[in-house]
Amino acid sequence: MKRRTLLLSGLTAAGALLVGVAALPPRSRLGRADTLPRVEGELGLNAWIKIEAGSGDVLLAMPRSEMGQGVHTALAQLVAEELRLPLERVRLIPAGYESLYGNVAMFVGQLPLAPQLTEPGRESTLARLGQWSVAKLARELGVNATGGSSSVADAWEPLRWAAATARQQLLGAASLQWGQALAELQLDQGWVSHAIGKRAHYGELARVAAATPPGEVSLTPPEAWRLIGRPAPRRDVPAKVDGSARFGIDQRPPGLLYAAIRQAPMLGGSPGAVDAGAALRLPDVLRLVRLPPYAGSAPALAVVARNSWRAQQAAQALDVQWQGRPAGALDGERIAEQLREAARRAAAGEGTAFRRSGDAAAQLAQPLGEGERLVEALYEAPYLAHATLEPMNCTAQVKDGRVTLWLPTQVPGLARALAARVAGVDESAVEVHVSYLGGGFGRRLEVDLVGQAVRVALETNGAPVQLLWSREEDFRHDFYRPAGAAFCRARLDAEGRPQALVVGSAARWRPPRWMERVLPALSSRFEAPDKTTAEGLLDHPYALDHQRIAHLATHSGVPVGFWRSVGHSQNAFFMESFVDELAHAAGRDPLDFRLQWLDAALPRHAAVLRLAADKAGWGQALPKGVARGLALHESFGSIVAQVLELRLEPDGQPRVLRVVCALDCGLVVNPAIVERQMESAIIFGLTAALWGRIDIGSDGAVRQSGFADHPLLSLAQTPRIETHLVSSTNPPGGVGEPGVPPVAPALANALFALTGERRRRLPLWG
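This one's a predicted model, so the numbers in the text were calculated from it and none came from an experiment.

*Asks:* Explain the packing of helix 18 (residues 568–586) against helix 19 (residues 590–598) to me, please; I cannot follow it from the model alone.
*Replies:* Think of two packed helices as two axes; the pair is described by the angle between the axes and how far apart they sit. Between helix 18 and helix 19, the least distance of the axes is 9 Å, while the angle of their chain directions is 105 degrees. Accordingly, the angle class assigned to the pair helix 18 and helix 19 is roughly perpendicular. Here Glu576, Val579, Asp580, Leu582, Ala583 and Ala586 of helix 18 lie close against helix 19, whose contacting residues are Pro590, Phe593, Arg594 and Trp597. Tallied by class, the residues present in the contact of helix 18 with helix 19 amount to 7 nonpolar, no polar and 3 charged.

Next comes the structure, spelled out in structure tokens:
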């Protein structure tokens, strides 16, 4: 990643301040026919589309990683739609590293804008300007990342235009060859035809099409869609069912060696003196490698062996004198207390005010009149591990001045850049093969394993080596979802209507830490306000004349990163639990209490909430011992409401019986994928809400070591899940993450409705 003449000074509630890019025109994302590598029998029409001459199949350059979210199917549907051919005739090839493959939508999504400013058809000038400016910046940076629930949103226009342009080139080639008017040609199922009997498949026209200007290009109108908006089989499922799918851990290049890692038992620790005698005497163990810090990792040790089991055994056999964190051991209880105190300070006026109107402090300070209420509550959320089912791994080979990587990653370009730095070669000498990802959830936005694997490969005389973390190392040395706290205060008038709201939150900022690790050339000592720590609070949908939403950054020293739904994962719990508390204090039904705010200001939100409530039978009688809770939240451009039914077993353990989910994610490309993603998010969110936590002892060591003490929701514990989609013509929003945030508050609200007990700290049972 080379530094460009630009500076992102910060993103604030006032918009985006961009220096150095304002005079640059937006970069085209169509690219040229020679952007893709030349391969015999394949003809490029632009940077996204090739045609295979023999079969006429379409080859789509795929820059996004498949980690179970169905993106390889959804993006192929966009291309198949515009090129009028069956979905199975679109085959995927790896995209290159050009900036046009960068994820623009992910960057635009970082703008701290309240929903009142971005409501489709009513966007403010400020919001439009900010989005346009950040999109320009993102095109310059060209960071290829799969994250932020942005893959379909980002590809929605570029891929359709690329395919539509290719379509017009193919039609133009047929028109030139046959001497027939363009308007008289028909295109269907991968063939171009004319009524006089002429017919050719795309491969027969591709060579001429590559040299034919497209002329006037238009997108297929919605009324003519045959694939978009309809279920289509996931293209990755057959291989995952029959076992032929290859994840990172399945890579087996010839001559492969294996490496296991050993890191300090405490966060921030490092190895001192090492006695490797016992480890090196084990059969098939080859060598010990010391690993310096890479991309946020701690100094560590790696053992290389001829099989993974011996490598793991040898790593555990090392006799190491561990050195503690130079600044002293971290302590989870002390960090939690600091967060509570910082949240109260933010509510009292400190920190960054992401959203402010009127004078909330003055309103809250006034004496209460008859029937008025002052409601306040403190909420807390713990550190969380990603716990991807596929263990963290990277396979690397350094040979003849070149580096080859095989790995499951969300950021192939950034992995390539780090590999080049570690090996001391140019980036053009690094080749990255991206496999299927056995879960990402933000953990594979990091590249620490790449640096470690390449360093080990430098010691194996050209043999490839697969570095595999154990589950224990993964839990104890993650880049965790930050712990957080929020102190909420509100004033209700005598009729129970909210008059003023103050929310102060506290957590460690994520993006500056991530930038330091993976984009050091663009990181800065100046830390702009981090929208991700306050998202879900600053952009809550409830409008008041007097409110202040502020965040105070803390500096705990615990390594933190992006976790599925990022700040929304905890802030939705804070906000929607507090809204329920306000409803109870006002003596109002939680559904009616929310709708009083939403009907006029945000009708889309109100419609989603009503749909979930209606489908769940809100207000209808339930069996004895069962209660409902609801929550509404917008994130990543999508609005989700959930109603959850809860029962407590005789031993006091929770049993979630049913979750009804309503979703407005804009235009839906593949409804079956959306439904599966909501189910995945609800199960993921329930696991975290019930039991998810990372505890750090006073010695700085993480207490959890695997699924035995960090359980996942089992199939037997999984509730009945129903998903209902709102029909929409708005551009696509996110899907992979928006289903997570409402789960925890809906569960907490159901527990209160059932028992009268308000639990304000996550996890609710862990």
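More follows now that the structure is in view.
*Asks:* Can you walk me through the pairing of strand 25 (residues 638–648) in this structure?
*Replies:* Within a regular strand, side chains alternate between the sheet's two faces. The buried fraction of strand 25 is high, at 9 of 11 residues. One ladder, built from 10 bridges, connects strand 24 (residues 626–635) with strand 25; its direction is antiparallel. In the sheet register, alanine 631 faces strand 25, and the bridge partner there is glutamine 642. Hairpin connection between strand 24 and strand 25: a loop of 2 residues separates the two successive antiparallel strands, and phenylalanine 636 in this loop has a positive phi of roughly 55 degrees. Between strand 25 and strand 26 (residues 654–664), which follow one another and run antiparallel, lie 5 residues, and glycine 652 among them has a positive phi close to 85 degrees.

*Asks:* Explanation requested: unusual backbone geometry in the structure shown.
*Replies:* Leaving glycine out, the prevailing phi sign among residues is negative, and the prevailing peptide bond configuration is trans. The residue after leucine 762, namely proline 763, is reached through a cis peptide bond having omega -5 degrees. Position of proline 763 relative to the elements: it lies in the segment after helix 22 (743–755). For arginine 84, which is not a glycine, the phi torsion comes out positive at approximately 55 degrees. Examined against the element boundaries, arginine 84 turns out to sit in the loop between helix 1 (71–83) and strand 6 (90–94). Arginine 84 gets classed as partly exposed once you look at its relative accessible area, which sits at 25%. Phi is positive for aspartate 284, close to 70 degrees, though the residue is something other than glycine. Along the polypeptide, aspartate 284 turns up in the loop between helix 9 (277–280) and strand 12 (285–291).

*Asks:* Can you walk me through helix 16 (residues 511–518) in this structure?
*Replies:* Regarding helix 16, the residues found buried are Pro512, Arg513, Trp514, Arg517 and Val518. Buried residues along helix 16 sit against helix 13 (412–423).

*Asks:* Explain the environment of arginine 489 to me, please; I cannot follow it from the model alone.
*Replies:* Locating arginine 489 in the fold gives a position in strand 21 (residues 484–492). Through-space distance from the C-alpha of arginine 489 to that of cysteine 661 is 29 Å; in sequence the pair is 172 residues apart. With residues up to four places along the chain from it excluded, the contact list for arginine 489 reads Leu364, Leu374, Val375, Glu376, Ala500, Leu501, Val502 and Phe578. For arginine 489, the side chain forms a polar contact with the side chain of glutamate 376, separated by 3.1 Å.

*Asks:* Sorry, what's going on with the packing of helix 19 against helix 20 (residues 603–616) here?
*Replies:* In the contact formed by helix 19 and helix 20, the axes pass within 9 Å of each other and the chain directions differ by 160 degrees. One finds that helix 19 runs roughly antiparallel with respect to helix 20. Judged by the twist between their axes, the crossing of helix 19 over helix 20 is left-handed. Judged by residue contacts, Leu591, Arg594, Leu595 and Leu598 of helix 19 engage Pro603, His605, Ala606, Leu609, Arg610 and Ala613 from helix 20. Considered class by class, the residues forming the contact of helix 19 with helix 20 number 7 nonpolar, 1 polar and 2 charged.

*Asks:* Help me understand the pattern of salt bridges in this model?
*Replies:* Between side chains of opposite charge, pairing is possible as soon as their charged atoms come close. Enumeration over the complete set of coordinates arrives at 46 salt bridges. Between arginine 455 and glutamate 459 there is a salt bridge, and its shortest N-O distance comes to 2.8 Å. Linking arginine 497 and aspartate 493 is a salt bridge whose minimum nitrogen-to-oxygen distance equals 2.9 Å. Residue classification places arginine 497 among the partly exposed residues on the basis of a relative accessible area of 41%. Classification of aspartate 493 by relative accessible area gives buried; the value is 10%.

*Asks:* Sorry, what's going on with the pairing of strand 6 here?
*Replies:* Bridge analysis of strand 5 (residues 58–62) against strand 6 gives 5 bridges, and the strand direction is parallel. Within the sheet, the bridge partner assigned to valine 58 lies in strand 6 and is valine 90. Each parallel crossover has a hand, and the one from strand 5 via helix 1 to strand 6 is right-handed.

*Asks:* Quick question: what am I supposed to make of helix 4 (residues 125–141) here?
*Replies:* Residue pairs spaced three or four apart in an α-helix point in one direction, given the helix's 3.6 residues per turn. Here helix 4 spans 24 Å end to end across 17 residues, near enough to the 24 Å set by a 1.5 Å rise per residue. Immediately beyond the C-terminal end of helix 4, within one or two residues, lies glycine 142, with a positive phi of roughly 65 degrees.

*Asks:* Would you explain the packing of aromatic side chains in this entry?
*Replies:* For any two aromatic rings, the description comes down to two numbers: the centre-to-centre distance and the angle of the planes. According to the stated counting rule, one finds 12 aromatic pairs in the structure shown. On the numbers, 6.0 Å between centres and 85 degrees between planes, the contact of tryptophan 156 with tryptophan 225 is edge-to-face. With tryptophan 156 in the loop between helix 5 (151–155) and helix 6 (158–178) and tryptophan 225 in the loop between helix 7 (202–210) and helix 8 (237–242), the pair connects residues that are 69 residues apart, well separated along the chain. Take tryptophan 156 and tryptophan 225: they sit in the same class, and that class is buried. Ring plane angle 40 degrees and centroid distance 5.0 Å describe the contact between tryptophan 563 and phenylalanine 684, whose orientation is recorded as tilted.

*Asks:* How should empty space enclosed by the protein be read in this particular structure?
*Replies:* If a probe the size of a water molecule is rolled over the atoms, the empty space left behind becomes visible. In the structure shown here, the tally under the stated rule is 5 cavities of 30 Å³ or more. One number sums up the size of the largest cavity: a volume of about 100 Å³. As for the largest cavity, its lining consists of 14 residues, of which Ser569, Ala688, Ala689, Ala744 and Leu762 are closest to the centre. Per element, the largest residue contribution to the lining of the largest cavity is 3 residues, and it comes from helix 21 (residues 671–691). Along the lines of polarity and charge, the residues of the lining of the largest cavity split into 10 nonpolar, 3 polar and 1 charged. In this structure, the second largest cavity occupies an estimated 90 Å³ of space. Surrounding the second largest cavity, Met392, Asn393, Cys394, Leu407, Pro408, Thr409, Arg444, Glu446, Val447, Asp448, Leu449 and Val450 form its lining. Elements with a minimum of two residues in the lining of the second largest cavity: strand 17 (393–399) and helix 14 (448–457). In terms of residue count, the dominant contributor to the lining of the second largest cavity is helix 14 (3 residues). Along the lines of polarity and charge, the residues of the lining of the second largest cavity split into 7 nonpolar, 2 polar and 3 charged.

Reading the values: rules and limits
- Residues numbered from 1 in each chain as written.
- Predicted model: local features only at pLDDT ≥ 70, side-chain atom pairs only at ≥ 80, totals over all residues.
- Heavy atoms only, no water.
- Axes fitted to C-alpha atoms, helices over the stretch in contact; angles between N-to-C directions.
- Helix = DSSP H or I, 4+ residues; strand = E, 2+ residues; numbered from the N terminus.
- Parallel < 35°, antiparallel > 145°, perpendicular 65-115°, else oblique.
- Contact = heavy atoms within 4.5 Å.
- Nonpolar A, V, L, I, M, F, W, Y, C, P; charged D, E, K, R; others polar.
- Buried < 20%, exposed > 50% of the residue type's maximum accessible area, 1.4 Å probe, protein only.
- Pairing = 2+ DSSP bridges.
- Polar contact = N/O pair within 3.5 Å; in protein donor to acceptor, adjacent residues only side chain to side chain.
- Left-handed = near helix turned anticlockwise from the far one by under 90°.
- Salt bridge = Lys/Arg side-chain N within 4 Å of Asp/Glu carboxyl O.
- Right-handed = clockwise from strand over helix to strand, strands pointing away.
- Expected span 1.5 Å × (residues − 1).
- Phe/Tyr/Trp six-rings, centres within 6.5 Å; stacked < 30°, edge-to-face > 60°.
- 1 Å grid on protein atoms, 1.4 Å probe; cavity = no way out; pocket = protein on both sides within 12 Å on 5 of 7 lines; lining within 4 Å.
- Points joined across faces, edges and corners; volume = space filled by probe spheres on them.

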